[in-house]
Structure formats: structure tokens, C-alpha cells
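Fold and contact review
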Amino acid sequence: SYTAKIGPSILNSNLACLGSECIRMLDCGADYLHLDVMDGHFVPNITFGHPVVECLRKQLGQGPFFDMHMMVSRPEQWVKPMAAAGANQYTFHLEATVNAGALIKDIRENGMKVGLAIKPGTTVEELGPWAGQIDMALVMTVEPGFGGQKFMEDMMPKVNWLRTQFPSLDIEVDGGVGPDTIHKCAEAGANMIVSGSAVMKSDDPRQTRGGYGVEATG
Ligand code: DX5
Ligand code: ZN
């Protein structure tokens, strides 16, 4: 059995106060920060890029783990800038690259951990061949692009399959996860849980974190 880590997504926070929102989440018990990068091309929304990440790293210091969720069309382009900005993990979408193997190698050579994400329409069998080379698989539980969408429970068999095939792989879920859905994710085998609006809109995120003290069987 294991305890899942919680990584708040700051997408739905007050982006005018990004640094203090991150600090608030860390003070409330966040295990890591899930930072959503969108380019207006891979997804129909724009957020921020490496210059903002660099400022966050300066403000927050070396401690917090930054998991970069790269919802961009050319993930190859941002590996070096993100590494230089202080990213710890570079999570790219399988749908966005034609050469996942080369990208995985480049991310490692730039000193970051490797995350590989799949959209709801992508089968987990497509991710399978890469699973032995990555640190984390991200199973999207909404269509990427926006916070506050409904959790897709029918993605749980993907998580289950990955957990069975790759017992020591980090498996992350992202989208629509909150107090009502987190246990399904943990039971399926996810050990890195992203939560955006549920944590952000909570009056007491510390309490929400408490509710997330998931003991899951792995
Ligand atoms: C969606 C993003 C998610 C999102 C999560 O494209 O990747 O990280 O912000 O937010 P909620 O938990 O509100 O779905
Ligand atoms: Zn995300």
C-alpha cells in the first residue's frame, strides 16, 4: 500500500498572484506543483511558458518539485529552456511528437525526469512501449485545455493496466479530480494526483489535503 502524492494545478488560481498561490498550496501540504503550459495550438487555450517558470523558481527556491505539463505542439522546442528555468519533470504528450524516443533522451540529457501524457482518445497500449523508459505516465481524465471539467471515470482501466504492467512506474491522473473522484484514481493505481479547481476553490485546502490522505493498494 502507498500514499498518493498530491500536486495542485495552479491553472485555476489567480494567475495575477501565481507565486503567492503556489506558496499557499505548498503551505497547505502540496507534495509538488503541476504547472500547465498551453500554446493555443495543441489545445485551444494559452497559459504561460518558461519565463514565468523561471520567475517562480526564483521566488520559491530550489525546494518545490515542478512537474511541467506541456500541452504544446512542438515539445522538442522547450526542453532546454524549461530545464534552464528550473523544471524538474517534463511531461509531454505522446500525440504531439513523432519521435518520442529522441525526446525522452533529450529530456534526460537536460537533467529532468520524463513524463509521458496521453489524451482520453489515445489508448494505453500506445504508451506501453515507452513505459520502461519514462519516470511517469500521465493518464488524462479530461480533454486537455481547461480546468473545471468533469472527471472521465472510463479512463480508470488505463491506470489499472499500467499499474499491473509496470508496478514501479509513477502514474498521474489529471482532470476533474476532487474529493468525490480521487479514491477511484487511487484504487486504480494512480500515485500522483493532480487537482485544480477542487483544491483552488476550497476554503480550506489544508482540509482538502487531509481528505486526500489516500491509502491505496498498489
Ligand atoms: C487540463 C489541465 C489540468 C487542469 C486540472 O488541461 O491539464 O491540469 O488544470 O484542473 P481540474 O482539476 O479543475 O480539472
Ligand atoms: Zn495538467
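Quantities reported herein were computed from a predicted structural model and do not represent experimental measurements.

Let's talk about the site of ligand 1
Lining the immediate surroundings of ligand 1 are 22 residues, of which Ser-9, Leu-11, Gly-147, Gly-196 and Ser-197 lie closest. Residue assignment for the shell around ligand 1 shows that the elements contributing at least two residues are β3 (33–38), β9 (192–195) and α8 (197–200). Class assignment of the residues belonging to the shell around ligand 1 gives a composition of seven nonpolar, 13 polar and two charged.

Here we look at the environment of Glu-109
Relative to the helices and strands, Glu-109 is located in helix α4 (residues 100–109). As a C-alpha pair, Glu-109 and Val-177 span 68 residues in sequence and 33 Å in three-dimensional space.

Things to note about the sheet that holds β3
Judged by pairing direction, the sheet is parallel, and its eight strands sit side by side in the order β2-β9-β8-β7-β6-β5-β4-β3 without closing on themselves. Since the sheet does not close on itself, it has two edges, and those belong to β2 (5–8) and β3, each with one partner. The sheet shows a mean angle of 25° between the axes of neighbouring strands, taken without regard to direction. Strand contacts of helix α6 (residues 156–165): β7 (136–140) and β8 (170–174), with the helix running at about 170° to β8, the strand carrying the most contacts.

Quick look at the pairing of β3
The buried fraction of β3 amounts to six of the six residues, a majority that puts the element mostly inside the structure. Burial of β3 is two-sided: the residues Leu-33, Leu-35 and Val-37 facing one way and the residues His-34, Asp-36 and Met-38 facing the other way are all buried. Summarising the sheet, β3 and strand β4 (residues 66–71) pair through six bridges and their orientation is parallel. Looking across to β4, one finds that His-34 is bridged to Asp-67. One crossover worth recording links β3 to the parallel β4 by way of helix α2 (residues 50–60), and it is right-handed.

A short note on the confidence of the model for the chain
When pLDDT drops low, the exact placement of atoms in the prediction is not to be read closely. When the pLDDT values of the chain are averaged, the result is 93; 94% of them are 70 or greater. Contacts of residues 210–218 to residues separated by more than four positions or lying in other chains number 23 contacts, the stretch itself having pLDDT below 50. Complex prediction metrics read pTM 0.95 and ipTM 0.98.

Here we look at the environment of Ala-100
Along the chain, the position of Ala-100 falls in helix α4. A count of 21 C-beta atoms within 10 Å places Ala-100 in the buried class. Here the alpha-carbon distance between Ala-100 and Glu-153, two residues 53 residues apart in the chain, equals 27 Å. With residues up to four places along the chain from it excluded, the contact list for Ala-100 reads Leu-94 and Trp-130.

Describing the environment of Ala-84
Checked against the element boundaries, Ala-84 lands in helix α3 (residues 79–85). Using a count of 14 C-beta atoms within 10 Å as the deciding quantity, one classes Ala-84 as partly exposed. Distance in space between the C-alpha atoms of Ala-84 and Gly-111 is 9.7 Å, their sequence separation being 27 residues.

Let's talk about the packing of helix α1 (residues 18–27) against α2
Viewed as axis vectors pointing N to C, α1 and α2 meet at an angle of 50°, and their least axial separation amounts to 10 Å. Put simply, α1 runs oblique to α2. Two packed elements cross with a definite hand, and for α1 against α2 that hand is right-handed. Of α2, the residues touching α1 (which contributes Leu-18, Gly-19, Cys-22 and Ile-23) are Val-52, Leu-56, Gln-59 and Leu-60.

So, α4
Every buried residue of α4 is listed here: Ala-100, Leu-103 and Ile-107. The arc that holds every buried residue of α4, seen down its axis, measures 60°, which confines them to one face. Every exposed residue of α4 that faces more than 90 degrees away from the buried side is listed here: Gly-101, Ala-102 and Glu-109. Packing partners of the buried residues in α4 comprise α3, β5 (89–93) and β6 (113–118). Just past α4, the residue Gly-111 takes up positive phi, approximately 80°.

Cut-offs applied
- Residues numbered from 1 in each chain as written.
- Chains lettered and ligands numbered in written order.
- Predicted model: local features only at pLDDT ≥ 70, side-chain atom pairs only at ≥ 80, totals over all residues.
- Near = placed C-beta within 6 Å.
- Helix = DSSP H or I, 4+ residues; strand = E, 2+ residues; numbered from the N terminus.
- Nonpolar A, V, L, I, M, F, W, Y, C, P; charged D, E, K, R; others polar.
- Pairing = 2+ DSSP bridges.
- Axes fitted to C-alpha atoms, helices over the stretch in contact; angles between N-to-C directions.
- Contact = placed C-beta atoms within 7 Å.
- Buried ≥ 20, exposed ≤ 12 C-beta atoms within 10 Å, placed from the backbone.
- Right-handed = clockwise from strand over helix to strand, strands pointing away.
- pLDDT = per-residue confidence, 0-100.
- Parallel < 35°, antiparallel > 145°, perpendicular 65-115°, else oblique.
- Left-handed = near helix turned anticlockwise from the far one by under 90°.
- Arc of directions from axis to C-beta.

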